[in-house]
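# Structure at a glance
Each chain, written out:
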Amino acid sequence: MLRRTIHSSFFGRASTSRARWQLHPSISPSCSHHHSHSLLAPSLGSSFNGHLGNQPHRCFFFGSGSDNDDDSSKKDDDKKKDKKKKDDQDQRNEDDENSNDSTANDNSEKQPAATLNNSSKYKSRSSPSNGNVLLPASRLGFGDQAPRYPHLMALPVVRGPVFPGVLTPVAITDRKTIRAVEKILSGGSGGYLGLFCRKDYNPAHDLIAKGIEKPEVISDPSDLYTVGTFAQIQRMTKADDMDEFDEPDDEDDPSHSLTHDHHDKQPHDGQNHHHPKPSASILLMPHRRINLLSIDDIGPPIDVTVSHWDRLTYVRGQDSSRDDTIRALCQEVLSTIREVAQLNTLFKEQVVNMVPSSHMFDMNDPYRLADFAASLSINGGDVADLQSVLEEKDPELRLHKALVLLSKEREVGKLQKEISAKVEEKMSEAQRKYFLMEQLKSIKKELGMEKDDKESLIEKYRKKMSEYTVVPDEINETIEAELDKLSTLEKNSSEFNVTRSYLDWLTSIPWGVTTKENFDIKAAREVLDRDHYGMDEVKETILQFIAVGKLKGTVQGKILCLSGPPGTGKTSIAESVAAALGRKFFRFSVGGMSDVSEIKGHRRTYVGAMPGKIIQCLKSTGSSNPLVLIDEIDKLGRDFRGDPASALLEVLDPNQNSTFRDHFIDAPVDISKVLFMCTANDLDRIPGPLLDRMEVIRLSGYDVPEKLEIAQQYLVPKSMVSNGLMVKDEAPENTEENKGQTSCDNNLQIEENRALPATRYLLADGVPSTLSIHRSALESLVRWYCREAGVRNLAKKIDKITRLLSLQVVAEAEGAKLTDKSTRKSNTWEVSSSNLHEYVGKPVFTSDRLYEKDIPNGIVMGLAWTSMGGSALYIETQGIKRGLDSEGKPRGGGTLKVTGQLGDVMKESTQIAYTVARARLAEIAPSNSFFDDTDIHMHVPEGATPKDGPSAGVTMVTAMLSLALDKPVKSDLAMTGEISLTGKVLAVGGIKEKTMAARRAGITTIVLPSDCKRDYDELPNYLKEGLDVHYASEYSSVYDIAFGT
């Protein structure tokens, strides 16, 4: 379509117009042959500026040079007659060619002679960007130069007739009519239709209510007015899904031939398919008026015979009195348009949109001016009145009728302005009332007649307390006393602010408010398994807690303490437990805390006093039964401000916390329904009375299979998502498209009783499809890089790998150059054990054994537990013989030297072991004086690591006896156990971690205390597989196993 950007003042005095024309590809170049007339701008007022926007609108477009008046009209008429003769001759030649082609082709249908021009030189065109947009094959003429077909397809329109020159969109919902329009567009005739307004349409009634579902379908020829408009289709747009469900209504329907060849009937499978309602939109350019002579076929589509109007021209000077009347009417029409535009903004915009240039209508041509005025009233005017303007041939009467329509628009505009003024008056009155009320409030305040802010505060507190259903009597009494006190205090006093702060906290505690808990064990189990792997003892305890609550109908609080090495999921499991129980979650850490006020609050006498963490938790969660996690409880501090561990005794005592008293609140608060969970790395650092109040759940470190499962199911996907290599896939099904794109390797076999994470992952766009982290790489990470009990260091290594992969993907996509260390050296995107060193460097650990095969005398492997998990430590001993003095006596002898950064307990254990070894040697070889003649130096390797504990007693005794007897122990032997002076082997802890350390070092024979048998029996079978375990209660059993006697 032609688009013009207007920079002019339409309703001002004489102004300069500047315009920029753009020719849309769908419009024939002939449309651009317009001549410029400055007719409207000089005659309009100065109150209106407008620009042509992109909103749907109608614009006047007329023919080319034939529209000019005055002296140039004769020359143009002569040119038009010559051109018309030539066009008629071409038309006859093409009709002859079509008739010959039709006769030669037996299968072709007979077309009406003057209705469609099927010349082969016209080709069907479609929009390159949208296959549902159709354009006419050609433009045979424009305006008065358009052809005069006597036979046309008629298209009924509603909401009023269409005036020549008004670009009009029309919607079509009848399937057969849409096919007929497509046929016309593809036929090469230029796409011409006849537009006739319906008589039975009333804007006050809905078409559907009158039974008119398809306006383009009529049942009686009398439904149409006899005067319409000859229009050309500029563009046709169909619904996107119409072709997919387009089916003929009847096999025998003649209109079936109008459908496209590819619109075949789709097979029915017995199910009811929903077919969308067909719809299409066509953009029409009306050219001239036509008379409806007869309706040849009522359709749809409707086939009619019409006669075309000749252009009506008005010649001045023939009747001076009539000239003055018509001139006055034209001026009144323009004046009315200007007046309505000032009253109605929407009408003003409509005028701007319909007049993109000043030559679209001629003020001296009453016919065009009347059509322009009637078109402005098309939305609000009566259909019959608009139709009378279309049918009128007399210029004076046509102007009169158009002026009547504009006068109605002016009255509507005045009414609209009056309504707007009333609304604005009401708003101004409301603002005036507001200011007066504010002044009245200030006057009352000055006179002391206004309520004090204290009353509004008291009302707010009372309203807040009324929301709580269960409030203890003591709390009610305290609040009432404080409210009475507040009412007597001055606002500027310090006591007022203290009392107000106290009431704020008292009314913020959720008295009797609890969250609805989840008693569904199955759902709780799914939540726990979704977020954490293993940790069965914690999960079983929570499920027991839920089961008891379901049976009793009420839930009481509980105090749990999770003890284990760092990185084992103690803190994160608490949040999952809260989600499984349906409770609110609150966490605070007490690591390094040394102020009792952090737990029990400050006294209200202090400036800036506030309650402790427990009361803050209740206010924050808005619930009396949240889950509170007290983190790092084994790292509590202690100084002159008190001992927080002692303050926690009341909080974590089930028999006392129903009447917990915070120093700030100074009233009993029931926290017995709160579920407390604490975390600790070392239980020995927790005071005994505090530890006694908690149910301890020990979390041992993860072994290799568990670490692999955690890495595959949780750590790798999480790291890849956070580093942009993967995205979450909401669909739970593993379709062919996302198969193999999750982080889990296909070779990984997952236990059947473990629930997989609900979330699936897909590789992000631009990431190579072969990018993955193989299971072998994770095994190498666990074995040679990350031997700690938890998985925190493992997660760091995986993050390092995925970050480097992200860098390599982006660098190769952009062609950027990386350093030699960061460049991908292998030809694959899969990270495996063979290329793992390219991402995380050389292995941290090379071997767990200092001596692979033959162990020298005096060296024995022991098993130790550390906060990072189990470890295999060698105990080394070396004898030093002294020389003789001047008298020939040996110098020294019988002394023990210890190195290796040992703790006090372990140093004492070395002295005990030395005594037991001397006593045992005297029993085995009484003549052996090794310990008398030799000084012993005992060392525990890795001297930079502090070591402590009594569990290396039997190992030390065995090492010293091996040195004294000059006999090595078995190379695949490791042992642990505390030794007593009498040779008793005492129980130790950390059996699981020590067993894992022995397996990691390739040990097959283990010596454990007899009292540790129950701990070993609880281990998983895969940890015990292939191990030869011996139990000893006396050291004599250890000696027999170690030396094979």
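Residues numbered from 1 in each chain as written. Predicted model: local features only at pLDDT ≥ 70, side-chain atom pairs only at ≥ 80, totals over all residues. Heavy atoms only, no water.

### Re the overall build of the chain
- The helix and strand inventory of the chain stands at 29 helices and 30 strands.
- Expressed as a percentage of its 1045 residues, the buried residues of the chain come to 47%.
- When contacts within the chain are restricted to residue pairs at least 6 apart in sequence, long-range pairs at least 24 apart make up 77% of them.
- Within the structure as shown, the chain displays about 52800 Å² of accessible surface, and the carbon and sulfur contribution to it stands at 49%. (Helix = DSSP H or I, 4+ residues; strand = E, 2+ residues; numbered from the N terminus. Buried < 20%, exposed > 50% of the residue type's maximum accessible area, 1.4 Å probe, protein only. Contact = heavy atoms within 4.5 Å. Areas by Shrake-Rupley, 256 points an atom, 1.4 Å probe, with all protein chains shown as cover.)

### Examining the sheet that holds strand β11 (residues 558–563)
- Taken in spatial order, the 5 strands make up an open sheet running β12-β13-β16-β11-β17, and their pairing is parallel. Strands at the two margins of the open sheet, each flanked by one partner only, are β12 (585–589) and β17 (695–698). Between one strand axis and the next, the sheet turns through 20° on average, direction left out of account.
- Pairing between strand β13 (residues 627–631) and strand β16 (residues 675–680): 4 bridges, direction parallel. Within β16, the position partnered with L627 by the bridge is L675. (Pairing = 2+ DSSP bridges. Axes fitted to C-alpha atoms, helices over the stretch in contact; angles between N-to-C directions.)

### Remarks on the environment of G701
- Mapped onto the secondary structure, G701 falls in the loop between β17 and α19 (704–722).
- Taking the C-alpha atoms as reference points, G701 and G564, separated by 137 residues in sequence, lie 7.2 Å from one another.
- Apart from residues no more than four positions distant in its own chain, G701 is found in contact with P565, T568, E706, A789, K992, E993 and M996.

### Some details on the packing of aromatic side chains
- Applying the stated criterion to the full structure yields 9 aromatic pairs.
- Between the aromatic rings of F586 and F588, the centroid separation amounts to 6.2 Å while the plane-to-plane angle is 50°, which identifies the pairing as tilted. Taken individually, F586 and F588 each receive the classification buried, so the pair is uniform in this respect.
- Between F930 and F931, the ring centres sit 5.7 Å apart and the planes meet at 80°, which makes this aromatic pair edge-to-face.
- By relative accessible area, which is 3% here, F931 ends up buried. (Phe/Tyr/Trp six-rings, centres within 6.5 Å; stacked < 30°, edge-to-face > 60°.)

### What about the pattern of salt bridges?
- The tally for this structure, following the rule as stated, stands at 27 salt bridges.
- D529 is paired through a salt bridge with R525; the nearest N and O atoms lie 3.1 Å apart. Here the residue D529 and the residue R525 both occupy positions in helix α12 (residues 521–531), the gap between them amounting to 4 residues, near one helical turn.
- Overall, the relative accessible area of 22% leaves R525 in the partly exposed class.
- Of the charged contacts, one joins D1017 and K1013 as a salt bridge, the two residues approaching to 3.2 Å between their closest N and O atoms. With D1017 and K1013 both in helix α27 (residues 1013–1017) and 4 residues apart, this pair spans about one turn of that helix.
- Judged by its relative accessible area of 40%, K1013 falls in the partly exposed class.
- Put simply, R525, D529, D536, K539 and E540 are held in one network by salt bridges that share partners. (Salt bridge = Lys/Arg side-chain N within 4 Å of Asp/Glu carboxyl O.)

### Side note on the nonpolar core
- Residues V577, I773, L781, L794, I798 and I801 are the most contacted members of the largest nonpolar core, which totals 58 residues.
- Ranked by the residues each element gives to this core, the list is headed by α19, at 7 residues.
- In this structure, C561, M593, V596 and I671 belong to the second largest nonpolar core, which totals 54 residues. (Core = buried A, V, L, I, M, F, W, Y, C linked by side-chain atoms within 4.5 Å.)

### Focus on unusual backbone geometry
- Even without glycine at this site, M535 takes up a positive phi of about 55°.
- Within the secondary structure, M535 sits in the loop between α12 and α13 (536–552).
- Despite not being glycine, E632 has its phi angle at roughly 55°, a positive value.
- You can call E632 partly exposed: its relative accessible area is 24%.

### Concerning α13
- If you check α13, its first and last C-alpha atoms are 24 Å apart, about what 17 residues at 1.5 Å a residue would give, namely 24 Å.
- Those residues of α13 that are buried are in contact with α12, β11, α14 (570–581), β16 and β17.
- The first or second residue beyond α13 is G553, which carries a positive phi of 85°. (Expected span 1.5 Å × (residues − 1).)

### Regarding the packing of α19 against helix α21 (residues 792–814)
- Where α19 meets α21, the closest approach of the two axes is 10 Å, and the angle between their N-to-C directions is 45°. One finds that α19 runs oblique with respect to α21. In the crossing of α19 with α21, the sense of the turn from one axis to the other is right-handed. Packed against α19, whose contacting residues are K707, A711, L715, V716, S719 and M720, the element α21 presents L794, A795, I798, D799 and T802 at the interface.
- Of the residues in the contact of α19 with α21, the class split is 7 nonpolar, 2 polar and 2 charged. (Parallel < 35°, antiparallel > 145°, perpendicular 65-115°, else oblique. Left-handed = near helix turned anticlockwise from the far one by under 90°. Nonpolar A, V, L, I, M, F, W, Y, C, P; charged D, E, K, R; others polar.)

### Focus on the pairing of β12
- By the alternation rule, side chains of β12 split into F586 and F588, which are all buried, and F585, R587 and S589, of which none is buried.
- In terms of strand pairing, β12 meets β13 through 5 bridges, oriented parallel. If you follow F586 over to β13, its bridge partner there is V628.

### Let's talk about the confidence of the model for the chain
- Model confidence for the chain is summarised by a mean pLDDT of 76, while 74% of its residues fall at 70 or above.
- Confidence drops under pLDDT 50 across residues 1–77; counting only partners more than four residues distant or on other chains, this segment forms 172 contacts.
- Low pLDDT (under 50) marks residues 94–130, which in the prediction has 46 contacts with non-local residues, meaning those over four places away or in another chain. (pLDDT = per-residue confidence, 0-100.)

### Considerations on the environment of M465
- As for its position among the elements, M465 is in helix α9 (residues 453–466).
- What makes M465 buried here is its relative accessible area of 11%.
- Put simply, M465 and T507 are 42 residues apart on the chain and 6.2 Å apart in space, counted from C-alpha to C-alpha.
- When neighbours within four sequence positions are excluded, M465 is seen to be in contact with V471, N476, I479, T507 and W511.

### Some details on α12
- For α12, the complete set of buried residues consists of A524, V527, L528 and D529.
- Tucked into the core, α12 has its buried residues touching α13, α14 and α19.
- One side-chain oxygen at the N-terminal end of α12 lies 3.1 Å from the backbone nitrogen of K522; it belongs to D520. (Polar contact = N/O pair within 3.5 Å; in protein donor to acceptor, adjacent residues only side chain to side chain.)

### Concerning the side chain of S624
- With respect to the element layout, S624 can be found in the loop between α16 (613–621) and β13.
- A polar contact is formed between the side chain of S624 and the backbone oxygen of P510, at a distance of 2.6 Å.
- Excluding its chain neighbours within four sequence positions, the residues that come into contact with S624 are P510, G512, V513, T514, L618, K673 and V674.

### A closer look at a positive patch on the surface
- Taken together, K460, K464, R500 and K619 make up a surface patch of like positive charges.
- Within the fold, R500 resides in helix α11 (residues 494–508). (Patch = residues over 30% accessible without salt bridge, like charges linked within 9 Å, V, L, I, M, F, W, Y side chains within 5 Å. Lys, Arg positive; Asp, Glu negative; His and termini not counted. Charge placed at Lys NZ, Arg CZ, Asp CG, Glu CD.)

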